[in-house]
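Given next are the chains, with one letter for each unit.
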Amino acid sequence: MRVALFVTCINDALYPRTGQAVVTLLERLGVEVDFPEAQSCCGQPQFNTGYRHATEPLVHRYAAAFEGYDHIVVPSGSCAAMVRENYPRIGYKAAAEGRGGALSAAAARTVPRTYELTEFLVDVLKVTDVGACYPHTVTYHPTCHGLRMLGLGERPRLLLEQVKGLELRELEGAEECCGFGGTFAVKNAAVSSAMGADKARHIEASGAESVCTVDNSCLMHIGGTLSRAGSRVRPVHLAEILASTEESPL
């Protein structure tokens, strides 16, 4: 099995420990992980802002960078959703404009092999107990792309429930957006901040020591909101919890 890590821009630039955690976790499970250095942005910021044509070269780059791998693992629900949901749309629209089928072909080569991390663990490796240990109380926020576009469902919770020492706390309004939404947070700052404040209040009310998600973009927004409110709740990506063990605690 040839597996490649698509680390994503935000993890590469701001949260490198998440990418390292994915490699640690998968290698512990007997998976050999490659990191193709030709990888770049998936194109989500451009696409979501309306620059579809500017996204097209990144579709080709993604397909070329991950050619030949059996699976592409992504520690980000939003980036995985961009590839799986929007790459086919980009290809379809290009063809409809009379520009050929190259983009559709690139999407067809990559979409079936792209998995968000929890999907890969549960659906491909068929594992929920990854040998993790994280002796803390944790609440889980299901991010919008993971919840609504990828349909991750109970996969993240199934993995968290098997972590030794972890006590999972319920989160009120869990399925409500945290308010980040990429460029939404910039264009609609006041609304974004209000939504973040609601989410932070529910997180605090859970009594958990940590809040986790499958997206560091959402976690950045939530963590910043909690920090400004003086909260001591620790934001942590799910991959880092799953990589933590008694011998190598997070």
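Right above here is the structure, for reference.
Just so it is clear, the model here is predicted, and its values are computed rather than measured.

**Student:** Before we move on, can you summarise helix H7 (residues 117-124) with the specific residues and values?
**Tutor:** Of all eight residues making up H7, six are buried, and the element is well covered by its neighbours. Those residues of H7 that sit buried are Leu 117, Thr 118, Glu 119, Phe 120, Leu 121 and Val 122. One or two residues past the end of H7 sits Lys 126, with phi positive at roughly 60 degrees.

**Student:** How would you summarise the pattern of salt bridges if you had to cite specific residues and measurements?
**Tutor:** One pass over the full model with this rule turns up twelve salt bridges. Of the charged contacts in the structure, one is a salt bridge between Glu 167 and Arg 169, with a shortest N-O distance of 2.7 Å. Given the relative accessible area of 41%, Glu 167 is considered partly exposed. The exposure class assigned to Arg 169 is partly exposed, which follows from its relative accessible area of 26%. Connected through shared salt-bridge partners, Arg 52, Glu 56, Glu 97 and Arg 99 make up one network.

**Student:** So, the sheet that holds strand S2 (residues 33-34): which residues are in play, and what are the values?
**Tutor:** With respect to topology, four strands assemble into an open sheet ordered S2-S1-S3-S4, the strand pairing being parallel. With one partner strand each, in any of the chains shown, S2 and strand S4 (114-116) form the two edges of the open sheet. In terms of strand pairing, strand S3 (residues 71-74) meets S4 through three bridges, oriented parallel. Each bridged residue has a counterpart across the sheet, and for Val 74 the counterpart in S4 is Glu 116.

**Student:** Give a description of the packing of helix H4 (residues 52-65) against helix H5 (residues 77-96) that names residues and reports values.
**Tutor:** When two helices pack together, their arrangement is given by the angle between their axes and by how far apart the axes lie. In contact at an axis separation of 10 Å, H4 and H5 are set at 115 degrees when each is read in the N-to-C sense. Crossing geometry of H4 relative to H5 is assigned as left-handed. Listed contacts from H5 to Arg 52, Thr 55, Glu 56, Leu 58, Val 59 and Tyr 62 of H4 are Met 82, Val 83, Tyr 87, Ile 90, Lys 93 and Ala 94. Partitioning the contact of H4 with H5 into residue classes produces eight nonpolar, one polar and three charged.

Criteria and thresholds
- Residues numbered from 1 in each chain as written.
- Predicted model: local features only at pLDDT ≥ 70, side-chain atom pairs only at ≥ 80, totals over all residues.
- Heavy atoms only, no water.
- Buried < 20%, exposed > 50% of the residue type's maximum accessible area, 1.4 Å probe, protein only.
- Helix = DSSP H or I, 4+ residues; strand = E, 2+ residues; numbered from the N terminus.
- Salt bridge = Lys/Arg side-chain N within 4 Å of Asp/Glu carboxyl O.
- Pairing = 2+ DSSP bridges.
- Axes fitted to C-alpha atoms, helices over the stretch in contact; angles between N-to-C directions.
- Left-handed = near helix turned anticlockwise from the far one by under 90°.
- Contact = heavy atoms within 4.5 Å.
- Nonpolar A, V, L, I, M, F, W, Y, C, P; charged D, E, K, R; others polar.

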